[in-house]
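Below are the chains, spelled out letter by letter.
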Amino acid sequence: MILLDGIDKHDPPQPGKLVADSSSAPVARPHTPTPSLPDYEASQAQLKPTTQSFPEIQKQRTRRRRWKKCALYTLVVYFVVTVAIGVPLIVMTSKSVTLGDAPLRLSSAKSCNVWTSQDVPEDDGQSYRSDLDYRVPVNGSVFLNTNITYSDDTSYFEHFGGQLLVGVNTDSSVSEATVHVTMHHTTPQLRNATNVCLMQTGQGGGIYLFTPLNMTASDALHFNITLLLPRNSTISSTLVIPQLLCHLPNFQHVYQQMDPYVTFGSIILGGALSGVAIESIQASQAVVKGSSAEIQGKFTIDSSLSLETVSAPINADIRLFNNGTTGTPTYLHLTTGNHPLNATVSMFIPADMPYMDGPHFMAHAETFNAPLTVVMAHDPASAPAVLRMQALNNLGNTRLSVDSRFEGTFDVNTMFAQADVLAEQTSDTLASRSVNDRRDNGPARISSFDEDDDDDDGTVLDKVRMFIASTTTTSASSGSSSAANNSRCLEYDLISNSEIRGWVGTPPRPSPTSPAGMKAMNNMGHLEVVSSLSGAQLVLLT
């Protein structure tokens, strides 16, 4: 509400303006210590017809303020309770999922520095040697860890180094893992400042290396660690260890043949600047991480496998299993850069495997500035599996090969280079043919080779279609029509210099126009082969 100022009686009347009678007293605002304008709620109350008096309105506003204060206090109490109770629960939950992770506090150690020999002079006369032995139970997580971390300063790792050897104990009477540590150190004072401790956590036990944070330029530590895992007394019985965690940066990791004596629920291996070489290992889940060091080995996995490094090659022989008990795919992840990636993968699913919606195997392989070569093939005893895979590269050639039991769509593309789909025989004398070999004669439009096709006059079809000869098809004496019907059909949807898309499988190709066709397409394999500034090839083995 706006109140007009009083009008002075000496002011001359103005035309068009309402002026009070000269006999009436002038209107003036009374002086108050507070602003004369009422607040918004009082103003609205004066404008709207109401039976409430102004004091009642003030009481109502006071009650609203009290409710707001109560709500604010409630939120504060809720926040305090959440911090006091919820955060510890979250921390406990996070601890429960970091299997085998040892505490970083030296005070939590079960025992430290139980040296069987110490400060033994080396032959070079410039360093010393100290030895100790520990035993670790294997009914939980078994870990080897350290407080050594990666630093941007490359000279940091010059003070540390080591070798790790993991194998199986030949003495079947030993029921625990044995750990032997040999530490080479430049001075007795450095040995005294270093702690090699036996740790015990709720998830398991292992060894933790506590190295001094401040070291002089002449200080150096080098560890030789040997971990021998127990085995069952009978060869036919396999020992299952829930987890093996070996995180030792700047170490060379060597793992001898573990299976069939020992298998693992999960393994986590590697570290910064750590090379990993595995003769043979079997686990449900496996993660191997490194940098600037090679990863090589033979893996048998039934859930997921991840091999990650950079500026170093990956050379892997992999066996993937999926028995359908979880209803989820078995995952494969391979990544590096500036060095080649080579992998040979064997896939197995049982013949009586339950129906699974989606792929049985999902794979991803990636590198840059180096060749990528991956072969995906079925185990001879496997039923046909559904595979979905990406093979990605930059500035390097990409070559993905699949065996004759793969069925599904494919997309091969590259930038400023040639894409090819090759049919290749798996014999000493390899014969291959690419649809892009016809590029000199213009766009490739191939007639169907099926004699029972309606196009008996050899009319060119709308899509490029050709049958791939296979060693499992019928003989030539059985008739070309029968051979074609039992062979894989290669059907192209798009052919260009840099991209080829299509489908390969046993006809007929699933159609998206019917419910059955849509269901079949959702459970179909798919391959994506990508590169840039280098070629990309999909090889269909026959």
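These lines cover the structure that appears in this document, whether it is placed above or below. Values in this document were obtained by computation on a predicted structure and should not be read as measured data.

1. Overview of a positive patch on the surface
Step number 1: On the surface, a cluster of positive charge is made up of Arg65, Arg66, Lys68 and Lys69.
Step number 2: Of note, lysine 68 is situated in helix α2 (residues 54-97).
Step number 3: On the accessibility criterion, lysine 68 (64% relative accessible area) is exposed.

2. A look at the pairing of strand β27 (residues 499-505)
Step number 1: Here β27 lies mainly inside the structure; five of its seven residues are buried.
Step number 2: Here strand β26 (residues 488-495) pairs with β27 via six bridges, running antiparallel. Among the inter-strand pairings, leucine 490 is bridged to a residue of β27, identified as valine 504.
Step number 3: Linking two consecutive strands that pair antiparallel, namely β26 and β27, is a turn of three residues.

3. As for unusual backbone geometry
Step number 1: The omega torsion across aspartate 259 and proline 260 is 10°, close enough to zero to call that bond cis.
Step number 2: Looking at the secondary structure, you find proline 260 in the loop between β11 (251-257) and β12 (262-271).
Step number 3: Along the chain, proline 507 connects to proline 508 via a cis peptide bond; the corresponding omega equals 5°.
Step number 4: Along the chain, proline 508 turns up in the loop between β27 and α5 (515-522).
Step number 5: Not every positive phi belongs to a glycine, and phenylalanine 416 is a case in point at roughly 60°.
Step number 6: Mapped onto the fold, phenylalanine 416 is located in the loop between β22 (408-415) and β23 (419-424).
Step number 7: Taking the relative accessible area as the measure of exposure, phenylalanine 416 reaches 72% and is therefore exposed.

4. Some details on the environment of phenylalanine 160
Step number 1: Looking at the secondary structure, you find phenylalanine 160 in the loop between β4 (141-146) and β5 (162-168).
Step number 2: Sequence spacing of phenylalanine 160 and alanine 220 is 60 residues, and the spatial spacing of their C-alpha atoms is 6.1 Å.
Step number 3: In contact with phenylalanine 160, not counting residues within four places along its chain, are Ile148, Thr211, Pro212, Met215, Leu221 and Asn250.

5. Quick look at a nonpolar patch on the surface
Step number 1: Side chains of Leu395, Met415, Phe416 and Leu533 sit close together on the surface and give an oily, nonpolar patch of about 470 Å² of accessible area.
Step number 2: On the basis of relative accessible area, methionine 415 is assigned to the partly exposed category, the value being 46%.

Quick notes on the rules
- For every chain, the first residue of the written sequence is number 1, and numbering continues from 1 along that sequence.
- With pLDDT at 70 or above as the cut-off, local features in this predicted model cover only qualifying residues; side-chain atom pairs require 80 or more to be listed or tallied, and sums for whole chains, interfaces and linings still use all residues.
- The basis for every side-chain value is the complete set of heavy atoms in the structure, and neither hydrogens nor water enter the calculation.
- Patch definition: residues above 30% relative accessible area lacking any salt bridge, with like charges linked at up to 9 Å and the nonpolar side chains Val, Leu, Ile, Met, Phe, Trp and Tyr linked at up to 5 Å.
- Computed by Shrake-Rupley with a 1.4 Å probe, the accessible areas treat only the displayed protein chains as cover when residues are assessed.
- Whenever Lys or Arg places a side-chain nitrogen within 4 Å of a carboxyl oxygen from Asp or Glu, that contact is recorded as a salt bridge.
- For this count, His and the chain ends are skipped, Lys and Arg are scored as positive, and Asp and Glu as negative.
- We put the charge of a Lys on NZ, of an Arg on CZ, of an Asp on CG and of a Glu on CD.
- For helices the rule is a DSSP run of H or I covering at least 4 residues; for strands it is a run of E covering at least 2, with both sets numbered from the N terminus onward.
- Exposed residues in this analysis have more than 50% of their type's maximum accessible area, buried residues have under 20%, and partly exposed residues fall in between, with area computed by a 1.4 Å probe over protein chains only.
- Pairing between strands requires that DSSP locate at least two bridges from one strand to the other.
- Whether two residues are in contact is decided by their heavy atoms, any of which lying within 4.5 Å being enough.

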